[in-house]
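Working through the structure, step by step
Here is what each chain is made of, one letter per residue.
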Amino acid sequence: MTGPTPLRAATALRVADLHVTYDAKEVLRGVDLELSPGEWLGLIGPNGSGKSTLLRAMVGLVPSTGRVELGDGRRPGPVDLSLMPQAPELPAGMTVVEYVLLGRTSHLGWLAQESRADRRIATDVLRRLSLASFADRTVRQLSGGEAQRVVIARALAQQSPVLLLDEPTSALDLGHQVEVLELVDELRHQDGLTVVAAMHDLGVAARYADRLALLDRGSLVSLGDPGTVLDPELLSRVYGHPVHVHVVDGHLLVVPAPRPPRARPAGARHTPTDLDAHRARTRRTEEIS
Ligand SMILES: Nc1ncnc2c1ncn2[C@@H]1O[C@H](COP(=O)(O)OP(=O)(O)OP(=O)(O)O)[C@@H](O)[C@H]1O
């Protein structure tokens, strides 16, 4: 850990000593977090480090020990936390607008129908994510990136004060990535939405998050501002590969260090490379013309 988290004025969500065990293997080892309203926490860490497990445990989708509570000490209910899962099941035959309306379910009474206000919220989210023209398509007829934006739309339609995003932009092109992240950022500034987002692109995570939480094999090994957590030595150790951290136009950029050139096999004078193949092709083309 990189030192204590500063005390904040109010708490949106508190996670204390959270443990998760799968098949006798502990995959989350006593995680503590405290989030303030309107804060964006970026959750980072290698594959299998426990990011999804932490998010799923926060909403009670996996059994855990420890505590997850709102600022007033209550256990969060379905309207308090909204999770955009990494790979949700998209029901066959359901239209995009029907799927996004599922985000309103936690607000409805038993057997109640969605109201006109619920439909307006769903339509508004679809419009803000440039998905209005997809509203009547079925969810199985979408590209991977379109489907991911629809899943985000459903999570946003829930309008919970805390939004948990599990790799929200992994399938998105550059433009749609920015569109989604800017919308979430706007909502937290406008409405005080608290965001926890698991992301693999460390530079993008650093750009949007107030703080980063780095998980390694189920333990929180660093928590703090992006400049502190994105320490090249720490990241190199945790990710098992040397990385460089640069500041470009005021933004942190994390790049893997190139591997040292492979040793040539004994006796070989030269190892063919892509460049050699390209040169040979170019020579042949010149000879033909
Ligand atoms: N249902 C499950 N049963 C058993 N083990 C599981 C289950 N789900 C996850 N795990 C294990 O728990 C550990 C943490 O997985 P988790 O999905 O939380 O990692 P992650 O950090 O989100 O990884 P990624 O970046 O690949 O999405 C991994 O070792 C994984 O194999």
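Please read these numbers as outputs of a predicted model, since none were measured by experiment.

For an α-helix, 3.6 residues make a turn, and residues three or four places apart therefore share a direction. Burial analysis of helix 1 (residues 51-58) places 6 of its 8 residues in the buried class, which makes it a mostly covered element. One or two steps after helix 1, the chain reaches Gly60, where phi turns positive at roughly 80°.

What follows covers the packing of aromatic side chains. Scanning the model with the defined rule gives 1 aromatic pair in all. The ring centre of Tyr99 lies 5.0 Å from the NZ or CZ of Arg154, which sits over that ring.

Here we come to the domain arrangement of the chain. When its domains are assigned, the chain resolves into domain 1 (9-80 + 160-260) and domain 2 (89-159). The gap between the C-alpha centroids of domain 1 and domain 2 is 25 Å. Contacts between domain 1 and domain 2 engage 18 residues on the former and 14 residues on the latter. Roughly 1400 Å² of surface becomes buried between domain 1 and domain 2 when both sides are summed, with 60% attributable to carbon and sulfur atoms. Of all residues in domain 1, Ser160, Glu179 and Leu183 give up the largest surface area on contact with domain 2, accounting jointly for 33% of the area buried on that side. Summed over the shared surface of domain 1 and domain 2, the number is 1 salt bridge. For the salt bridge of Glu186 with Arg128, the shortest nitrogen-to-oxygen distance reads 2.7 Å. Seen at the junction of domain 1 and domain 2, the total is 8 residue pairs in polar contact (both at pLDDT 80 or more). When residues in the side of domain 1 that touches domain 2 are grouped by element, the largest group, 7 residues, is from helix 5 (residues 174-191).

Taken in spatial order, the 3 strands line up as 2-1-4 in an open sheet, and their pairing is antiparallel. Taken across any chain shown, the strands that pair with only one partner, and hence form the sheet edges, are strand 2 (25-35) and strand 4 (65-70). Between one strand axis and the next, the sheet turns through 20° on average, direction left out of account. In this structure, strand 1 (residues 13-22) lies alongside strand 2, joined through 8 bridges in antiparallel fashion.

As a further point, take the pairing of strand 7 (residues 194-198). By the criterion of burial, strand 7 is predominantly enclosed, with 5 of the 5 residues buried. Of the two faces of strand 7, the one holding Thr194, Val196 and Ala198 and the one holding Val195 and Ala197 are both buried throughout. Across 5 bridges, the pairing between strand 6 (residues 162-166) and strand 7 is parallel. When the sheet's bridge partners are listed, Leu164 is paired in strand 7 with Val196. As a crossover connection, the stretch from strand 6 through helix 5 into strand 7 is right-handed.

By the definition in use, this model includes 14 salt bridges. Across the salt bridge formed by Arg67 and Glu69, the nearest N and O atoms sit 3.1 Å from each other. Overall, Arg67 belongs to the partly exposed group, its relative accessible area being 45%. Of the charged contacts in the structure, one is a salt bridge between Asp80 and Arg74, with a shortest N-O distance of 3.6 Å.

Calculation rules
Residues numbered from 1 in each chain as written. Predicted model: local features only at pLDDT ≥ 70, side-chain atom pairs only at ≥ 80, totals over all residues. Heavy atoms only, no water. Buried < 20%, exposed > 50% of the residue type's maximum accessible area, 1.4 Å probe, protein only. Helix = DSSP H or I, 4+ residues; strand = E, 2+ residues; numbered from the N terminus. Phe/Tyr/Trp six-rings, centres within 6.5 Å; stacked < 30°, edge-to-face > 60°. Lys NZ or Arg CZ within 6 Å of the ring centre and 35° of its normal. Domains from an automatic or database assignment. Contact = heavy atoms within 4.5 Å. Buried area = accessible area lost by both parts, 1.4 Å probe. Salt bridge = Lys/Arg side-chain N within 4 Å of Asp/Glu carboxyl O. Polar contact = N/O pair within 3.5 Å; in protein donor to acceptor, adjacent residues only side chain to side chain. Pairing = 2+ DSSP bridges. Axes fitted to C-alpha atoms, helices over the stretch in contact; angles between N-to-C directions. Right-handed = clockwise from strand over helix to strand, strands pointing away.

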